[in-house]
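Structural features, examined
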Amino acid sequence: MKRILAFSLLAATIVASCASPGTTGSSPSGSAPTGQHPKIGLVTDVGGLNDKSFNSLADKGRKDAQAQLEVDTSVTESKQQADYVPNLTKYAQDKYDLVIGVGFLMQNAVWKVAKQFPTVKFAIIDGAPQDDGGKTENLPNVANLFFKEQEAGYLVGVIAATMAKEKTGAATHNTVCSMGGLPIPPVDRYIAGYQDAVKTVSPTTKILNGYSQDFVDQQKGIEVGKSHIGQGCDILFQVAGGSGLGYIQAAKTAGVYAIGVDADQADVAPGTVITSALKKVDVAVFQTIRSVRLSTFKSGDNLFTVANDAVGFGKLDKIVPKTASDAANQALADIKSGKITPKDTVQVK
Amino acid sequence: MTWEMLLGASVAAATLRLAAPIALAALGGVVTERSGVTNIALEASMLVGAFFGIVAADRTRNIWIALGVALLAGILLATLHAYASITLRSDQIVSGMALNILALGLTTYLDYQMYGTTGTPADLPGLPDVQLGFLKGVPYIGEAIGSQNSMVWLMGLLVVALQLFLFRTVGGLRLRAVGEHPRAAETVGIDVRRIRYAAVLASGALAALGGAYLSLGVAHSFTDGMTGGRGFIGLAAMIFGRWTPVGALAASLVFGYGNALSTSLQGATLGDVRVPVQLLGTLPYVLTILAVAGFVGRSRPPAADGIPYETEGHA
Amino acid sequence: MTQIQQPTTTGPGIERPAPSVRQLTFQWAGGPAIPVLSVVIALIIGAIFVLFSGNDPVAAYAALVQGAFGTPYDITETIVSAIPLVLTGLAVAIAFRTGLFNIGAQGQLLVGALAAGWAGSQFAELPGLVLMPIVILFGIGGGAVYGGIVGLLKAVRGVNEVITTIMLNYTIVFVMHWLLQAGPMTAKNAFGTPASTPIGAGARLPVIIPNELVLFSRLHAGVVLAAIAVVVFWFILWRTPLGYRLRAVGLGARAAAQAGIDPAHHMVLVMAIAGGFAGLGGMIEVSGVFGRVYDGFSSSYGFDAIAVALLGKNSPLGIVFAALLFGAFVHGGAYMQSHAGISSNLVAIIQAFVLFVIAAEALVRSLTRRRGRKPVEAIA
């Protein structure tokens, strides 16, 4: 008897919930967007909102837009790659105005969903729509948000090289290094620019490079850091998300310097982090949302570079000498004017 | 590829640093499985130990209180497992898995709520390193053990202590009896349930120590999921080490060595061929399989391991 | 090493009749009325968490259910999420039946996916009638080999399968990094997405629900393969002599088998079959969902499979239902986040409590004090 009761209770609950108003899923409460404002959806990749990298920056952009732009926003974290398509689709089905996907792994998913919903606008961070055969196909309702990470890498590389050359503070060994999470292009572009700058500004400086094989594990980052410091490195550039925090930690313990990535990481280790290579994903997201608000949405490639102030270098620690900051600002101007084009392939693997 | 990269003092030092959290988790595994309870939620205890240790360090700015809080968190989590496994006689694997999911979800959730996207504060107190000044200048040993974290030393002490406890004391004998023949143990008056509870709680504490080492001793911060599967590697190390503390340490060292190599060999070349950096990541795992297959072979768990025990007089 | 002890009261001539579908359903249903109650208890605990976080539990659960089953599209997505879990669940369950703990479904799935992805792109020009069976075979074969290694090491060197499966899981992750980022399987594509060359059209599992019925559905023919796999699982265990022996060993509880009662060749065979199931799951994901192998596409199918297998009591229909439950959590959970603002981690917490309470069903069982006919115990 009790079994039947339990079964029917559960069945009734399910049926009742399914029968709630709105088969397209507008929820009666919570933070679901209502009203006349444009609806913006953000779908993160599997790294989670707190990945200390692109997802968190994109979410910051979303929150900034929510606060300043009179839009209603919502975010969905993808738990596995197979979720990209349904997460994007649900927003599109609910007639969102803009759906943003984070990361190059979403290129095919956005392509699929954007084709199915031509009246909904989409944006991809770090990618362009890719068809099932792997070919890029620009779509009229998709904005491809690309960043030139190598430019940011170049700028911080100039600062590092100058300090190494002049043996500023604790940087006495004329050796700089970098650590990526995995050797994938979004990571390697940073490192490529960094190394290009060092080779240009201070050809005698020794360059080291390594990978932690992980974007979360801090201990692995510390180990690579210790290894590099053991080989004389004084300025450690991290490009490894959460794992990179370990790289910074190793620098802090050894009393040398580190460079942050993506967001300004000066607060992670004051006195150790001399600057950061900025990739203003939040700004790009904000601007894209605003373009929808103002009906100035531009599909196809949208480049975010030093030219539109979307990549750059972050707060400088007081130890950074004026020569370094001057050189960096000069390099910034040179990149803007086209005089310098930072390389995007890693030379010291 | 140089000898330095394979066997240098810095590699030895790294091996110890990397092996410590795994060994602590493995010690926890040894204690519970010797008493007959399978605890695959060591990962969960590590994670909550890591997280709540950081929170306590942030709030109290006292490293010792923080360590105590970390221990408490690990023990509390293990209590859930103990209750489910011993009192409720649940399936111990499912219970352990549920707790792993719970711990990850809970710590990630609280981390985001409390520290948002700015992360944990930069200047938290940490577990101190033990600087052996008198070893400065001593070749190899000086660098290998001259400045390891206090937790690494504690781990070593615990290995010795637990080995002695399990195999040289009456208490240890009782524990092992409970794990091998609980029915027989009960007939001679040993309280099976109490010992198993104590063992599971102890495993939670040991695992939490491992987690606290990661957050308070190594990283001085917390990132979501920072234990990264070390609790499970610890289980493997426990089996590899034949359910003995010394064996667990040895196994953890093998694994730690593989890990250390995957860093030190980056950039190394064998003749003209560079080992791809991604494949270096397989080193600790392949090394462990080879070591077990080559040297350890069969290992037998305690006879009553994983079987819920029904005491006499209960339904 | 002691020989396997065959039960003497029954023998090859006196076989227990294979359970019919109705019996299997009843077996499992006799069980899960209790788990259903357990789920309700767990949901109440979860509701407390939701309240604590300042959200409305009723809205949250409504969103969860609505997200998982609210529209036909959602139902198909829940099924799509469940399919790989069915297969990895079978992979874990068949090993459990013999007393082996297969934590390696994760790795076996990936090897199957890589093998299938490779074959699908290597022979891309072949027509579907030829290519699809090839890809399926590669998927099953790849997983079977990876599982077989585990069985072999245990049979020959006595290496505990818990060690080898955990180690092999991690190993293939890094090998996959290499293969898809800078190795022989890396596709030449823009922006360096770490992925393999897309498979040929003949290797793609078609979507089986026409757009007129359910718009944009992704429900692919893999569901048919999964259903066949479930039948195969049942057939092997209840209709073959091998299956009979496996079940007999399994009845002696995991610990007994761990003590070394398994004969060598059974171990290799069982782990290879288990790996084959998981490998098929990987192949289905590549062929039905992605069209190529993306680095890291499988985050936790193998891990969740352990819970799926145990929740489903290692029985075919139980696994299907448990997989659907997990699929509902995945798909409904996303909706809970996007439309009710519930953190995705709260979903995980609720899921954990559901598992936890179900694991404790012994207690709930005794609380409801069964009367009358004892439920037919699911075998092992």
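Throughout this document, residue positions are counted from 1 along each chain, in the order its sequence is written. Chains carry letters from A onward and ligands carry numbers from 1 onward, assigned in written order. For this predicted model, a pLDDT threshold of at least 70 governs which residues receive local features, and a threshold of 80 or more governs which side-chain atom pairs are given and counted, while totals over whole chains, interfaces and linings are taken from all residues.

Before going further, it helps to spend a moment on the overall build of chain B. In terms of helices and strands, chain B carries 14 helices and four strands. Both definitions apply: the radius of gyration is a C-alpha atom measure, and the globule rule equals 2.2 Å times residues to the power 0.38. Over its C-alpha trace chain B gives a radius of gyration of 20 Å, about what one expects of a compact globule, namely 20 Å for 315 residues. Its C-alpha atoms give chain B principal-axis dimensions of roughly 70 × 50 × 40 Å. Counts of 20 or more other C-beta atoms within 10 Å of a residue's own C-beta define buried residues, counts of 12 or fewer define exposed ones, and intermediate counts define partly exposed ones; C-beta atoms are placed from the backbone. Per-residue burial for chain B yields a buried fraction of 60% across its 315 residues. Our contact criterion uses C-beta atoms placed from the backbone: two residues qualify when those atoms are within 7 Å. Residue pairs in contact within chain B that sit at least 24 positions apart in sequence constitute 78% of those at least 6 positions apart. Numbering of helices and strands starts at the N terminus; helices are DSSP runs of H or I of at least 4 residues and strands are runs of E of at least 2.

With that settled, consider the overall build of chain A. Counting secondary structure elements, chain A contains 10 helices and 12 strands. Residues classed as buried in chain A amount to 63% of the 349 residues present. For chain A, restricting intrachain contacts to residue pairs at least 6 apart in sequence, the fraction spanning at least 24 positions comes to 69%.

With that settled, consider the sheet that holds strand S7 (residues 206-211) of chain A. All names here are of chain A. A pair of strands is considered paired only if DSSP assigns at least 2 bridges between the two. Here we have six strands laid out as an open sheet, ordered S7-S6-S8-S9-S10-S12, and mixed in their pairing. Single-partner strands in this sheet number two, and they are S7 and strand S12 (311-313). Within this sheet the neighbouring strands show an average axis-to-axis angle of 15°, counted without direction. Axis definition: a line fitted to C-alpha atoms, limited for helices to the stretch in contact. Angles are taken between N-to-C directions and run from 0 to 180 degrees. Of the strands in this sheet, strand S6 (175-180), strand S8 (235-239), strand S9 (257-262), strand S10 (273-279) and S12 touch helix H5 (residues 149-166), which is tilted by about 165° from S10.

Next up on the list: the confidence of the model for chain A. Here chain A shows a mean pLDDT of 86. Residues at 70 or above account for 90%. Confidence of the predictor at the level of single residues is captured by pLDDT, which takes values from 0 to 100. Taken element by element, the predicted model of chain A shows its lowest mean pLDDT in helix H1 (residues 2-18) of chain A (44) and its highest in S8(A) (96).

Taken residue by residue, chain B gives an average pLDDT of 89. The fraction at 70 or more is 98%. Reported confidence for the predicted complex is 0.89 by ipTM and 0.87 by pTM.

Each turn of an α-helix holds 3.6 residues, which means side chains three or four residues apart point in the same direction. With 25 residues, helix H13 (residues 316-340) of chain C extends 34 Å between its outermost C-alpha atoms, agreeing within 8% with the 36 Å of an ideal straight helix rising 1.5 Å per residue. Just downstream of H13(C), C:Gly341 is the residue with a positive phi angle, here 70°. Between the first and last residue of a helix there are one fewer steps than residues, each counted as 1.5 Å, and that sum is the expected span.

Turning our eyes to something else, we now look at the interface of chain B and chain C. One frequently used descriptor of interface size is the decrease in accessible area upon assembly of the parts. Taken residue by residue, the interface counts 45 residues in chain B and 41 residues in chain C. Of all the secondary structure elements, the ones that give two or more residues to the side of chain B that touches chain C are helix H5 (92-115), helix H11 (230-240), helix H13 (277-280) and helix H14 (283-296) of chain B. Sorting elements by how many residues they give to the side of chain B that touches chain C places H5(B) first, with 13 residues. For this classification, the nonpolar set comprises Ala, Val, Leu, Ile, Met, Phe, Trp, Tyr, Cys and Pro, the charged set comprises Asp, Glu, Lys and Arg, and every other residue, Gly included, is treated as polar. Tallied by class, the residues present in the side of chain B that touches chain C amount to 29 nonpolar, 11 polar and five charged.

Quick look at the sheet that holds strand S5 (residues 142-147) of chain A now. Residue and element names in this part refer to chain A. The parallel open sheet is built from six strands, whose spatial order is S2-S1-S3-S4-S5-S11. Strand pairing shows two members of the sheet lacking a second neighbour, strand S2 (72-77) and strand S11 (300-304), which therefore form its edges. When strand polarity is set aside, the average angle formed by the axes of neighbouring strands in this sheet is 20°. One ladder, built from four bridges, connects strand S4 (residues 121-125) with S5; its direction is parallel. By the bridge assignment for S5, Ile124 is matched with Asn144.

Residues and elements named next belong to chain A. By the secondary structure assignment, Lys199 is in helix H6 (residues 185-201). For Lys199, a count of 17 C-beta atoms within 10 Å translates into the label partly exposed. Separated by 41 residues in the primary sequence, Lys199 and Val158 place their C-alpha atoms 9.3 Å from one another.

The next subject is the interface of chain A and chain B. Between chain A and chain B, the contact holds 28 residues from the first and 25 residues from the second. Contributing elements (two or more residues each) for the side of chain A that touches chain B: helix H2 (54-68), S7, helix H7 (218-230) and helix H8 (241-254) of chain A. At eight residues, the largest contribution of residues to the side of chain A that touches chain B is made by H7(A). Residues that form the side of chain A that touches chain B fall into these classes: 10 nonpolar, 12 polar and six charged.

So, about the packing of helix H3 (residues 42-60) of chain B against H5(B). Residues and elements named next belong to chain B. Contact geometry for H3 and H5: axes closest at 8 Å, N-to-C directions at 20°. By the criterion of interaxial angle, the relationship of H3 to H5 is roughly parallel. Along this stretch, H3 crosses H5, giving a crossing that reads as left-handed. Across from Glu43, Ala44, Leu47, Val48 and Phe51 in H3, the residues of H5 making contact are Leu99, Asn100, Leu102, Ala103, Leu104, Thr107, Leu110 and Asp111. Here the residues of the contact of H3 with H5 are counted per class, giving nine nonpolar, two polar and two charged. Oblique is the label for any angle not covered by the other classes, which are roughly parallel (under 35 degrees), roughly antiparallel (over 145) and roughly perpendicular (65 to 115). Note: crossing handedness is left-handed where the near helix turns anticlockwise from the far helix by less than a right angle, and right-handed where it turns clockwise.

Residues and elements named next belong to chain B. Viewed as axis vectors pointing N to C, helix H7 (residues 150-168) and helix H12 (residues 245-264) meet at an angle of 145°, and their least axial separation amounts to 8 Å. Touching Val159, Leu162, Gln163 and Leu166 of H7 are Pro245, Val246 and Leu249, all from H12. Here the residues of the contact of H7 with H12 are counted per class, giving six nonpolar, one polar and no charged.

A few words now on the domain arrangement of chain A. All names here are of chain A. In this document the domain limits rely on a domain assignment from an automatic tool or a database. Assigned domains of chain A: these are domain 1 (36-147) and domain 2 (149-278 + 311-337). Distance between the C-alpha centres of domain 1 and domain 2: 30 Å. With nine residues of domain 1 at the interface, the matching set in domain 2 holds nine residues. Residue composition of the side of domain 1 that touches domain 2, by class: four nonpolar, two polar and three charged.

This part covers the pairing of S4(A). All names here are of chain A. Extensive coverage of S4 is indicated by the burial of five of its five residues. Here strand S3 (residues 98-102) runs beside S4; their pairing, made up of five bridges, is parallel. Residue Ile100 lies in a different strand from S4, and its bridge partner there is Ala123. A right-handed crossover is one whose linking path, passing over the helix from the first strand to the second, runs clockwise when the strands point away from the viewer. Assessed by its sense of winding, the connection that carries the chain from S3 through helix H4 (residues 107-116) to S4 is right-handed.

A separate point is unusual backbone geometry. Residues and elements named next belong to chain A. Located in the positive-phi region is Ser295, a residue other than glycine, with phi close to 60°. Secondary-structure assignment places Ser295 in the loop between helix H9 (281-293) and S11. Take Ser295: there are 7 C-beta atoms within 10 Å of it, and that puts it in the exposed class.

With 18 residues, H5(A) should reach 26 Å at 1.5 Å per residue; the first-to-last C-alpha distance of 26 Å fits that figure. The positive-phi residue at the C-terminal boundary of H5(A) is A:Lys167, with phi of around 55°.

Residues and elements named next belong to chain A. For strand S1 (residues 39-44), the buried fraction is high: six of the six residues fall into the buried class. Of the two faces of S1, both are covered, the one formed by Lys39, Gly41 and Val43 as well as the one formed by Ile40, Leu42 and Thr44. For S1 and S2, the ladder comprises six bridges, and the chain directions are parallel. Note that in S2 the partner of Leu42 across the bridge is Val75. Read from S1 through H2 to S2, the crossover connection turns out right-handed.

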